[in-house]
Amino acid sequence: MSDVQTAPTSSYDVASIREQFPLLKTLVHGKPLVYLDNANTTQKPQRVLDTLWEYYTTYNSNIHRASYQIAERSTHEFEMGREKVRGFLNAKGVEEIIFVRNATEGINLVAQSFGRTFIGEGDEIIVSAMEHHANIVPWQMLCEEKGAILKVIPINDDGELLLDEYEKLITHRTKLVGIVHMSNALGTVNPVEEMIQTAHAHGVPVLVDGAQSAYHKVIDVQAMDCDFFVFSGHKLYGPTGIGVLYGKRKYLEAMPPWQGGGDMIATVSFEKTVYNELPNKFEAGTPHIEGAIGLGAAIDFLNETGMDRIAAYEHGLMEYGKQVLGNVPGLRMIGTAKEKASVFSFTLHNIHALDLGTLLDTRGIAIRTGQHCAHPVMQRFGVPATGRASLACYNTREEIDALARGLIRVSEILG
Ligand SMILES: *Cc1c(COP(=O)(O)O)cnc(C)c1O
């Protein structure tokens, strides 16, 4: 199975990368773990774990309010985390980086703040047929409240957006476009730059769901020209509970706060409260301090390894996986877009996805089975569920071979 020709990745030392991820040494049912559920969450490098440990053992303290040494340090490290995110996304300023819990909360913030302020009855919001529920439900809730209308860009049988249909959906009532950069259910990478240009030509701002793309591709929000971009720390080799909303300053400034409390105010009296400046205006209460610091450490890891090198390595791995999995009898790949990254979604004969997952688990192989928080995608392809193997910077060809062997064995048992 290993004779497939793909781009050389010799300069990329995957063994030394794996060394940095302690969890990858875990045994499952006595077998080495083959972790292929990265679209769900990724494992953490040692430096992220060390950073969390150091925070709690040497300078745990609340930020932005105390005048003693360890609190100055925690404030500094927290704000360094924000600066690292700014650099990672190539945002213009740190005031455009809002810390939230995850990508989901970032989208909800935009729906609640931008949406409630600027979207009214009869206005339209456009999303695509391959969105994660996180980029559907907050807009449905807003539409319900405001009497606005949600329109959906259709997809073809390969899992690609129909761009002509997209342009036709835009009207003078369109107030926002929300699109996923890279689909977690299909792996499709959408041409967001082009789609943003189209929307901007009609004066419509665009939110990009970068939950999948942020750890697979080099992101440059200025070059992309998106108006909002969200991602989750836990998929980017960082801690859970920390995520990011990037927004262009002009929008964030025009948007009201969505939660009230400490840290988001400048002055408070019972007569009048004056809100704080960006980014604090959107960060009420004590934030996930160690999360932001840990996310900064994850970004250090990505910068040191090289996001472009990771992308090239994963591309080679995906091309390899396409060929190897293509040889598994009875396997139907769901999502065959030309531009695709790091996700294999598939059915195997008529085997129930859950049985598939359980049998693979006995071999130490972790994949996701189910509907991947994307019910409309499953409906579009007429499948109740899929198995999904998704790649990260530490996966290997041997692991893909192990998956293929596992799938062939499952076919023999249940097919
Ligand atoms: C995972 C994911 C989300 C939601 O991420 P959370 O961390 O659960 O908020 C949104 N969109 C896509 C494409 C995802 O893969």
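Nothing here was measured: the structure is a model prediction, and the numbers come from that model.

Rules and cut-offs
Residues numbered from 1 in each chain as written. Predicted model: local features only at pLDDT ≥ 70, side-chain atom pairs only at ≥ 80, totals over all residues. Heavy atoms only, no water. Helix = DSSP H or I, 4+ residues; strand = E, 2+ residues; numbered from the N terminus. Buried < 20%, exposed > 50% of the residue type's maximum accessible area, 1.4 Å probe, protein only. Near = heavy atom within 4 Å. Polar contact = N/O pair within 3.5 Å; in protein donor to acceptor, adjacent residues only side chain to side chain. Areas by Shrake-Rupley, 256 points an atom, 1.4 Å probe, with all protein chains shown as cover. Nonpolar A, V, L, I, M, F, W, Y, C, P; charged D, E, K, R; others polar. Pairing = 2+ DSSP bridges. Axes fitted to C-alpha atoms, helices over the stretch in contact; angles between N-to-C directions. Contact = heavy atoms within 4.5 Å. Domains from an automatic or database assignment. Buried area = accessible area lost by both parts, 1.4 Å probe. Salt bridge = Lys/Arg side-chain N within 4 Å of Asp/Glu carboxyl O.

1. A word on the environment of His352
Move 1: Note on placement: His352 falls in the loop between strand E14 (343–348) and helix H12 (353–362).
Move 2: The class of His352 is exposed, set by a relative accessible area of 51%.
Move 3: The sequence separation of His352 and Thr362 amounts to 10 residues, and the corresponding C-alpha distance is 16 Å.

2. A closer look at unusual backbone geometry
Move 1: For the bond from Leu278 to Pro279, the omega torsion is 0°, close enough to zero to count as cis.
Move 2: Position of Pro279 relative to the elements: it lies in the loop between strand E12 (273–275) and helix H10 (289–305).
Move 3: You will see that His29, though not glycine, has its phi angle at about 50°, which is positive.
Move 4: Assignment of secondary structure puts His29 in the loop between strand E1 (27–28) and strand E2 (31–32).
Move 5: On the accessibility criterion, His29 (52% relative accessible area) is exposed.
Move 6: Positive phi, normally seen in glycine, also occurs at His372, with a value near 55°.
Move 7: Structurally, the position occupied by His372 is in the loop between strand E16 (368–370) and helix H13 (375–381).

3. A word on the site of the ligand
Move 1: Around the ligand, the structure places 13 residues, and the nearest of them are Thr104, Asp209, Gln212, Ser232 and Lys235.
Move 2: The separation between an oxygen atom of the ligand and a polar side-chain atom of Thr104 is 2.5 Å.
Move 3: Here an oxygen atom of the ligand sits 2.6 Å away from a polar atom, N or O, in the side chain of Ser232.
Move 4: Relative to its free-state accessible area of 380 Å², the ligand is covered by the protein chains to the extent of 89%.
Move 5: Here the residues of the shell around the ligand sort into four nonpolar, seven polar and two charged.

4. Let's talk about the sheet that holds strand E6 (residues 149–153)
Move 1: Ordered by their spatial adjacency, seven strands build an open sheet running E4-E10-E9-E8-E7-E5-E6, and the pairing between neighbours is mixed. The sheet is open, and its two edges are formed by strand E4 (97–100) and E6, each paired on a single side. For this sheet, the mean angle separating the axes of adjacent strands, direction not counted, is 20°.
Move 2: Relative to strand E8 (residues 206–209), strand E7 (residues 174–180) runs parallel, the two being bridged by four bridges. Within the sheet, the bridge partner assigned to Gly178 lies in E8 and is Leu207.
Move 3: Lying on the sheet, helix H3 (residues 69–89) is in contact with E4, strand E9 (228–232) and strand E10 (243–247); it crosses E4 at an angle near 120°.

5. Observations concerning the domain arrangement of the chain
Move 1: Its domain assignment divides the chain into domain 1 (14–42 + 307–414) and domain 2 (49–303).
Move 2: For domain 1 versus domain 2, the separation of C-alpha centres amounts to 28 Å.
Move 3: A combined buried area of about 2,800 Å² lies between domain 1 and domain 2, and 57% of that area is made up of carbon and sulfur atoms.
Move 4: When the buried area of domain 1 at its contact with domain 2 is split by residue, Thr42, Met307 and Arg380 rank highest and sum to 22% of it.
Move 5: Scanning the region where domain 1 abuts domain 2 turns up two salt bridges.
Move 6: Between Lys338 and Glu160 there is a salt bridge, with its nearest N and O atoms 3.9 Å apart.
Move 7: At the surface where domain 1 touches domain 2, the tally comes to 26 residue pairs in polar contact (both at pLDDT 80 or more).

6. Structural notes on the pattern of salt bridges
For side chains bearing opposite charge, pairing can occur when the charged atoms are close.
Move 1: Applying the stated criterion across every chain, the model contains 24 salt bridges.
Move 2: A salt bridge links Glu304 to Arg47, with the nearest nitrogen and oxygen atoms 3.0 Å apart. Placement of Glu304 in helix H10 and of Arg47 in helix H2 (residues 46–59) is noted, with a sequence separation of 257 residues between them.
Move 3: Owing to a relative accessible area of 61%, Glu304 belongs among the exposed residues under this scheme.
Move 4: Judged by its relative accessible area of 27%, Arg47 is partly exposed.
Move 5: The residue Lys248 makes a salt bridge to Asp227 at a minimum N-O spacing of 3.0 Å.

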